[in-house]
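# Summary of structural features
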Amino acid sequence: MRDYDSEYQDSESSRYAYDFDYVIRRYMMRSFSPFYSAADKALELGCFDGETTKLYGEFFNDLTVIEAAESLIETARKKVSENVFFVHSTIETAVLEPVYQSIFLVHTLEHLESPIDALARIGTWLKPGGRLFVVVPNANAASRQIAVKMGLIAHNNSVTASEYAHGHRRTYSLDTLESDARDAGLNIESRGGIFFKPFANFQFEKLLKNEVIDQAYLDGCYALGMQYPELTASIYLICTQR
């Protein structure tokens, strides 16, 4: 049995989630904004500490959140309004109706034991015409490829010991992500990458803290990511029912 309440925990010496993650999430929302509306009935699958839930809650009038770790629900609930509805459940056991127009599976699919089955199940929760937004860390991110050349990671698609301890079960590239979505019976409406990533998260944080780079540099990385999606921090699919 997996302990979902412990997988996200981090030591002081090696934090798993960095503040830079939330910079990426805002660029993610910018990338997806043409595909959803504030009037949509939205579903978030996996809330972590609630920072992204807060972004969704600021936009959507009707938001439901599914989360397997009860302690994370308690943390996230404090950051959002009372009209955000939380369900303590795994994706594999949740029972939902096909009423959602926007479903967000962000940095969660790589944690699941049976991703194809999960994607197929999630697809049944989409309202006709609804969209599933799937985002995962990119195996081919420039920073990760540099780490491979440095000998820090065996190969691009490796799952490191640290990643496994935090619940990762696979590392996706765009082709393997598309394959899983197709095998799950989903139609891929759009695909791409979010934010060209030449540095690791902790390096970006140091650069920002010491004012070596600024917002204009971040915006440049975001724009370059649209040109070179295979080198971005995260890759995404926007899917509909087939």
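Quick caveat, the model's predicted, so the values are computed rather than measured. (Residues numbered from 1 in each chain as written. Predicted model: local features only at pLDDT ≥ 70, side-chain atom pairs only at ≥ 80, totals over all residues. Heavy atoms only, no water.)

When helices and strands are tallied, the protein shows 10 helices and seven strands. Here the C-alpha atoms of the protein give a radius of gyration of 17 Å, agreeing with the 18 Å that 2.2 N^0.38 yields for 242 residues. Seen through its C-alpha atoms, the protein measures out along the principal axes to roughly 45 × 40 × 35 Å. Across the 242 residues of the protein, 51% fall into the buried class. (Helix = DSSP H or I, 4+ residues; strand = E, 2+ residues; numbered from the N terminus. Rg over C-alpha atoms; globule rule 2.2 N^0.38 Å. Buried < 20%, exposed > 50% of the residue type's maximum accessible area, 1.4 Å probe, protein only.)

All buried positions along helix α4 (residues 70-77) are accounted for by L72, I73 and A76. One face of α4 carries all of its buried residues, which in axial projection span an arc of 105 degrees. (Arc of directions from axis to C-beta.)

Moving on, we get to the pattern of salt bridges. A side chain with one charge may pair with a side chain of the opposite charge, provided their charged atoms come close. Taken as a whole and judged by the stated rule, the model has seven salt bridges. Between R182 and E178 there is a salt bridge, with its nearest N and O atoms 3.8 Å apart. Of this pair, R182 and E178 both sit in helix α8 (residues 174-183), four residues apart, which is roughly one turn of the helix. For R182, a relative accessible area of 42% corresponds to the partly exposed category. A salt bridge links R191 to E178, with the nearest nitrogen and oxygen atoms 2.3 Å apart. One end of the pair, R191, is in strand β6 (residues 186-196); the other, E178, is in helix α8, and 13 residues separate them in sequence. Here E178 falls in the buried class, since its relative accessible area comes to 14%. Linked through salt bridges whose partners overlap, the residues forming this network are E178, R182 and R191. (Salt bridge = Lys/Arg side-chain N within 4 Å of Asp/Glu carboxyl O.)

This brings us to a nonpolar patch on the surface. Together, I146, M150 and L152 line one region of the surface with nonpolar side chains, adding up to about 340 Å² of accessible area. Looking at where L152 falls in the secondary structure, it is placed in the loop between α6 (142-149) and α7 (161-165). (Patch = residues over 30% accessible without salt bridge, like charges linked within 9 Å, V, L, I, M, F, W, Y side chains within 5 Å. Areas by Shrake-Rupley, 256 points an atom, 1.4 Å probe, with all protein chains shown as cover.)

This brings us to the nonpolar core. Grouped together as the largest cluster of nonpolar side chains are 36 residues, with contacts concentrated most on M28, F32, Y56, F86, F104, I194 and F195. The residues touching Y56, leaving out its near neighbours within four places in the chain, are M28, M29, E44, L63, F104 and V106. L43, W125, Y172 and L186 belong to the second largest nonpolar core, which has 28 residues in total. (Core = buried A, V, L, I, M, F, W, Y, C linked by side-chain atoms within 4.5 Å. Contact = heavy atoms within 4.5 Å.)

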